[in-house]
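Notes for the structure review
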Amino acid sequence: MSLLRRARPRRREPLARPRHPETMFSGARGHCGESPRESVHCHSMGLIVVGIDEAGYGPRLGPMCSAMTIWRVDSWKSSGSSPDLWKVIGPSVSRRPALGLRGRAASAPIAIADSKVIKRPNDSAIVHPLCHIERGVLAALACEEASPGEPPADDVALASRLCGSAHGKWHADGEHWYESDPTPLPVSSTPDAMRISGNVLRKGLRAASVSLLAVRGRIIAETEFNDIIRRTGNKAQVAITAIGGFVREVVEQADRFPGDDVQIVCDRLGGRERYADLLGRWFPGAAIGDSVESPDRSRYWIEVAGRRIGVAFEVQADGTHLPVALSSMVAKYLRELAMARFNRYWGARSTDLLGAAIKPTAGYGSDAGRWLAEAGEIIDPAERVRLVRLA
């Protein structure tokens, strides 16, 4: 249940509603040992920084996934812009991955960067393609204050923890290509190595007085993706649905931190430069102002229930804002695990029917076309309608 009730905006596509908004910050502890609401009184003003990003908007096959990470920086002196958390957290994090992940490398700085930069090639013979992304995501989940404890043991637990039961399943009815037994995690290393990595990040966060309050995800598989396009006639509404749901979730929870500034940073939605009308649809009746609208970034403030919150949309925000970079990694991790299920199902089916497994696909461009041609004999017309994205 939302903490703040508001009239719903009139919009062409309903925003993703949080499955568990009341627990977005639950379990988060201040450095004074109290709950978030109580711990505000132990600090000078802090800053809540939220990063939002997606992965898989462009492919022809597979889901689009989105993610949000929520951070708190203690004793923040407002300057109107988000701090560089790579510098604030210091030597426990890095924009570049360690050379290896065995032995002493498990205690190396945690790479948090644009997922497109740190993902290894799928045909890598040296390290697992997801080694750096997985290390960062599981280390972060080990430090997440909303869900303290061990990181998820398998991909089903991961989807449930990140997305909640409403959007935590890997498939909707009819998307049977995502059905399989749980995949144990990690896929690229060992649980012991991931525990060491989690401790590396935890130590750095504590030293910097920074908290990772929550990590959230959303899986929009092919059926929902296509349904949104059919209803709105606009592919961009798919990303708007996911991103808008996260922004609303944060704004509706902002009163949990009455003494803190709140800044939300999103990777830009395609080539769109102006977002005031979009914010107006998300928050009808709210006062909205802009400080910057340029080809590189668009920054606004919104005032809801007497609270002013900053919202920015920036080109390549996953390269300049650590919270967005981690969100890009979480979204990519979800998509890659989904595609592993996809390829496992169709590989087994082609082996049964054709005597050989179809070469796996990442779902993009010409490779998706290659895969669809090779799989043509084993996909029935009804499956193809659900399998292939409309745009």
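Residues numbered from 1 in each chain as written. Predicted model: local features only at pLDDT ≥ 70, side-chain atom pairs only at ≥ 80, totals over all residues. Heavy atoms only, no water.

Regarding the packing of aromatic side chains
- One pass over the full model with this rule turns up seven aromatic pairs.
- Between Tyr178 and Phe342 the ring centres are 6.4 Å apart and the planes differ by 50°, which places this aromatic pair in the tilted class. Placement of Tyr178 in the loop between α5 (155-167) and α6 (191-208) and of Phe342 in helix α10 (residues 322-354) is noted, with a sequence separation of 164 residues between them. Exposure class is identical for Tyr178 and Phe342. Each is buried.
- Here the aromatic cluster, defined as three or more aromatic residues joined through ring pairs, consists of Trp177, Tyr178, Phe342, Tyr345, Trp346 and Trp371.
- Taking NZ or CZ as reference, Arg95 lies 3.7 Å from the ring centre of Trp86, over its face. (Phe/Tyr/Trp six-rings, centres within 6.5 Å; stacked < 30°, edge-to-face > 60°. Helix = DSSP H or I, 4+ residues; strand = E, 2+ residues; numbered from the N terminus. Buried < 20%, exposed > 50% of the residue type's maximum accessible area, 1.4 Å probe, protein only. Lys NZ or Arg CZ within 6 Å of the ring centre and 35° of its normal.)

Some details on the packing of helix α4 (residues 131-143) against α6
- Relative orientation of the contacting elements α4 and α6 amounts to 60°, with a least axis distance of 8 Å. Between α4 and α6, the angle falls in the class oblique. Considering how the two elements wind past one another, α4 and α6 form a crossing that is right-handed. Each of Glu134, Arg135, Leu138, Ala139, Ala140, Ala142 and Cys143 in α4 lies in contact with α6, whose residues at this interface are Met194, Ser197, Gly198, Leu201, Arg202 and Leu205. (Axes fitted to C-alpha atoms, helices over the stretch in contact; angles between N-to-C directions. Parallel < 35°, antiparallel > 145°, perpendicular 65-115°, else oblique. Left-handed = near helix turned anticlockwise from the far one by under 90°. Contact = heavy atoms within 4.5 Å.)

Some points on helix α7 (residues 222-232)
- Residues of α7 that are buried: Glu222, Phe225, Asn226, Ile228, Ile229 and Thr232. All buried residues of α7 lie within an arc of 155° about the axis, which places them on one face of the element.
- Buried residues in α7 make contact with β2 (64-73), β5 (210-220), α8 (236-253), α10 and α12 (381-387). (Arc of directions from axis to C-beta.)

Some details on the sheet that holds strand β7 (residues 287-293)
- With mixed pairing, seven strands are arranged side by side in an open sheet as β5-β2-β1-β6-β9-β8-β7. Two strands in the sheet have a free side with no partner beyond their single neighbour: β5 and β7. Averaged over all pairs of adjacent strands, the angle between strand axes in this sheet comes to 15°, irrespective of strand direction.
- Where strand β8 (residues 297-304) and strand β9 (residues 307-314) come together, eight bridges link them in antiparallel fashion. Bridge pairing in β9 places Ser298 opposite Phe313.
- The sheet contacts of α8 involve β1 (47-55), β2, β5, β6 (261-267), β8 and β9, and relative to β2 the element is tilted by about 25°. (Pairing = 2+ DSSP bridges.)

Things to note about the pairing of β5
- Of all eleven residues making up β5, eleven are buried, and the element is well covered by its neighbours.
- Inspection of the sheet shows β2 paired to β5 by ten bridges, in the antiparallel sense. Paired with Cys65 across the two strands is Ile219, which belongs to β5.

Considering α8
- Between its first and last C-alpha, α8 extends 26 Å over 18 residues, near the 26 Å set by a 1.5 Å rise per residue.
- The buried count for α8 comes to 17 of 18 residues, which makes it a mostly enclosed element. (Expected span 1.5 Å × (residues − 1).)

Side note on the confidence of the model for the protein
- Looking at the protein as a whole, its pLDDT mean stands at 85, while 84% of the residues score no less than 70.
- Of the regions scoring below 50 in pLDDT, residues 1-23 engages in 58 contacts with residues more than four places distant in sequence or in other chains.
- Long-range and interchain partners of residues 25-43, a stretch whose pLDDT sits below 50, account for 40 contacts in this model, where long-range means more than four residues apart. (pLDDT = per-residue confidence, 0-100.)

Some words on the pairing of β7
- Sheet topology note: the β7/β8 ladder contains six bridges and is antiparallel. From the neighbouring strand, Val292 faces β8, where its bridge partner is Arg299.
- Where β7 hands over to β8, the hairpin turn is made up of three residues, counted between the paired strands.

Side note on the nonpolar core
- In terms of nonpolar packing, the biggest core is built from 65 residues, with Trp71, Ile112, Tyr333, Phe342, Trp371 and Leu387 touching the most fellow members.
- Aside from chain neighbours lying at most four places away, what touches Leu387 is Arg60, Leu61, Trp177, Glu222, Phe342, Trp346, Trp371, Leu372 and Ile379.
- Listed in part, the 32 residues of the second largest apolar core include Ile48, Ala146, Ala239 and Ile302. (Core = buried A, V, L, I, M, F, W, Y, C linked by side-chain atoms within 4.5 Å.)

Thoughts on the environment of Val251
- Relative to the assigned elements, Val251 resides in helix α8.
- Taking the relative accessible area as the measure of exposure, Val251 reaches 3% and is therefore buried.
- For the pair formed by Val251 and Glu303, sequence separation is 52 residues and the distance between their alpha carbons is 9.6 Å.

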